[in-house]
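Survey of secondary and tertiary structure
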Amino acid sequence: MAKIDLPRENFTSKFGVIAAAAGSAVGLGNIWRFPYIAGENGGGAFLLVYLLFIIAIGMPVMLSEFSIGRKAQRNAIGSFKKLAPGTPWYFVGVIGVAAAFLILAFYSTVAGWTLEYVVKSATDSFADKTGDEISQLFAAFHTGTFWPLLWQLIFMGVTLAIVMAGIKDGIERYVKILMPLLVLMIIVICIRSLTLPGAAEGVSYLFSPDFSRLTTEGVLAALGQAFFSLSLGMGTLITYGSYISKKEKLGSTVTQVTIADTVIAMLAGIAIFPAVFAFGIAPDAGPGLVFETLPNVFQEMAGGYFFGLIFFILLSIAALTSSISILEVVVAYMKEELNMTRRSASIFAAAIITLLGVLCTLSFGVMQEVTIFETRLFDLMEFSASDVLLPIGGLLIVLFIGWYLGAARTREEVSNDNSLKVRYFPAYMFLIKFIAPVAIAIVFLYGIGLLNI
Ligand code: TRP
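Residues numbered from 1 in each chain as written. Predicted model: local features only at pLDDT ≥ 70, side-chain atom pairs only at ≥ 80, totals over all residues. Heavy atoms only, no water.

Some points on empty space enclosed by the protein
- Tallied over the entire structure, the rule returns four cavities of 30 Å³ or more.
- Roughly 150 Å³ of volume is contained in the largest cavity.
- Forming the boundary of the largest cavity are 20 residues, of which Ser24, Ile103, Phe228, Ser231 and Ile326 lie nearest the centre.
- The set of elements that each furnish at least two residues to the lining of the largest cavity consists of helix H1 (14–25), helix H2 (28–40), helix H5 (91–122), helix H10 (216–229) and helix H14 (304–337).
- By residue class, the composition of the lining of the largest cavity is 11 nonpolar, nine polar and no charged. (1 Å grid on protein atoms, 1.4 Å probe; cavity = no way out; pocket = protein on both sides within 12 Å on 5 of 7 lines; lining within 4 Å. Points joined across faces, edges and corners; volume = space filled by probe spheres on them. Helix = DSSP H or I, 4+ residues; strand = E, 2+ residues; numbered from the N terminus. Nonpolar A, V, L, I, M, F, W, Y, C, P; charged D, E, K, R; others polar.)

Some points on the site of the ligand
- Looking at the ligand, there are 18 residues lining it, with Ala25, Gly29, Tyr107, Phe228 and Ser231 nearest.
- One of the backbone nitrogen or oxygen atoms of Ser24 is found 3.2 Å away from a nitrogen atom of the ligand.
- Taking Leu28, its main chain carries an N or O atom lying 3.1 Å from an oxygen atom of the ligand.
- In isolation the ligand exposes 360 Å². Once the protein is present, 100% of that is buried.
- Judged by its atoms lying within 2 Å of the grid points, the ligand is housed in the largest cavity.
- Elements with a contribution of two residues or more to the shell around the ligand: H1, H2, H5, H10 and H14.
- For the shell around the ligand, the class distribution of residues is nine nonpolar, nine polar and no charged. (Near = heavy atom within 4 Å. Polar contact = N/O pair within 3.5 Å; in protein donor to acceptor, adjacent residues only side chain to side chain. Areas by Shrake-Rupley, 256 points an atom, 1.4 Å probe, with all protein chains shown as cover. Sits in = over half its atoms within 2 Å of the grid points.)

Digging into the pattern of salt bridges
- Enumeration over the complete set of coordinates arrives at 10 salt bridges.
- With a closest N to O distance of 3.1 Å, Lys71 and Glu412 form a salt bridge. Here the residue Lys71 occupies a position in helix H3 (residues 44–72), and Glu412 occupies one in helix H16 (residues 377–414), the gap between them amounting to 341 residues.
- In this structure, Glu116 and Lys120 form a salt bridge, with 2.8 Å as the shortest nitrogen-oxygen distance. With a gap of four residues between them, Glu116 and Lys120 both fall in helix H5, about one helical turn apart. (Salt bridge = Lys/Arg side-chain N within 4 Å of Asp/Glu carboxyl O.)

Concerning the layout of surface pockets
- By volume, the largest pocket amounts to about 450 Å³.
- If you trace the largest pocket, you find 21 residues lining it, with Glu40, Asp379, Glu382, Phe383 and Asp387 closest to the centre.
- Those elements giving two or more residues to the lining of the largest pocket turn out to be H2, H10, strand E2 (375–376) and H16.
- Looking at the lining of the largest pocket element by element, the count peaks at six residues for H16.
- Taken together, the residues that form the lining of the largest pocket break down as nine nonpolar, five polar and seven charged.

Here is the structure:
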């Protein structure tokens, strides 16, 4: 049975597209996840590999996702059904929707923490505390039950409200003002952090590559982080691509979003690593890293109360513009493929994700003992989604473009029906057909230990 193409809700301006896509990409992944994953994997060498993956794999995958969504004008699963009818390719979208559940579950745990830190900053809770005391404050809070859960519920409630209302009128409008403000704030924090005593050690940890500290798991983590940070591999950008008007240049959108995302991650690293060494925090402290380092920096700076407060507010907003893009993947699917209303799809999806999220949150506290393969539920969901499902999704997406959809049909979409020159196209196609799939497959198989040198 053929479906009729209804006129689709579109982003209304070029800047709206960039703001929405950059809003999705820039989030906790840049400021919370990037520094701690880099810290756990030895710093400088990790950074180099990460940047290489961003350029050689991330950007081509992003262009592929946008093209698929805009060509098909459908959600993550429906797009494959439309472009490859009667084939199992739609399964790529199924993986994506599954990943969306897992990612938003643990994402909302950490987003809840940022809300608590807004309140902690507002009530000046870090005043006169030593580095150790600030670390203890984080430990006491995030292993608790009531407050972490309450903040998580509030965060999911706000995410739900925005997605239910549709994207255009809410998020698009605010993100354009708030994202530049976030960048400005991070720059101020970087400056203070870089002038702390002992800052040089942190800078060199992040920027001097020491390949002896990089493991094959570290290389997989760099790939997972590249996908996570750019919102790739689960159909977020297929879904958003379907809302991009046929007049926009997909190639330049990709470049701008990637630059914004990468610059913010670098700035976060520059803000955090000097503080790590100045305050004697372990660089591989894990998911709590931002929450343990930055309050120290705010304490040490003139106007720190004010900067700390604004910073955590902006970080919460950055998390929100990402979380709505994750929920939208599930909602667009349920709405278009299961014929649910936006409202019931949003409520249903958010409820299930919140249930999973509660498990993630409690896995730091009362459910600490519940482990699978000796791994805390939070870390298990984080790893299986980011380092397993996203790379697999990304691999299948590039194979789909490179070997199924093919150069001619892809070029048509990327070049707006051949009205743009797209000089980069042959290079893109080469990366998509040969380099990206082989690289992803090798990194993945080594990283999970199925291949050994
Ligand atoms: N990229 C976002 C961040 O860095 C998180 C995110 C949004 C995401 N959509 C995604 C991650 C899709 C993976 C896949 O915080």
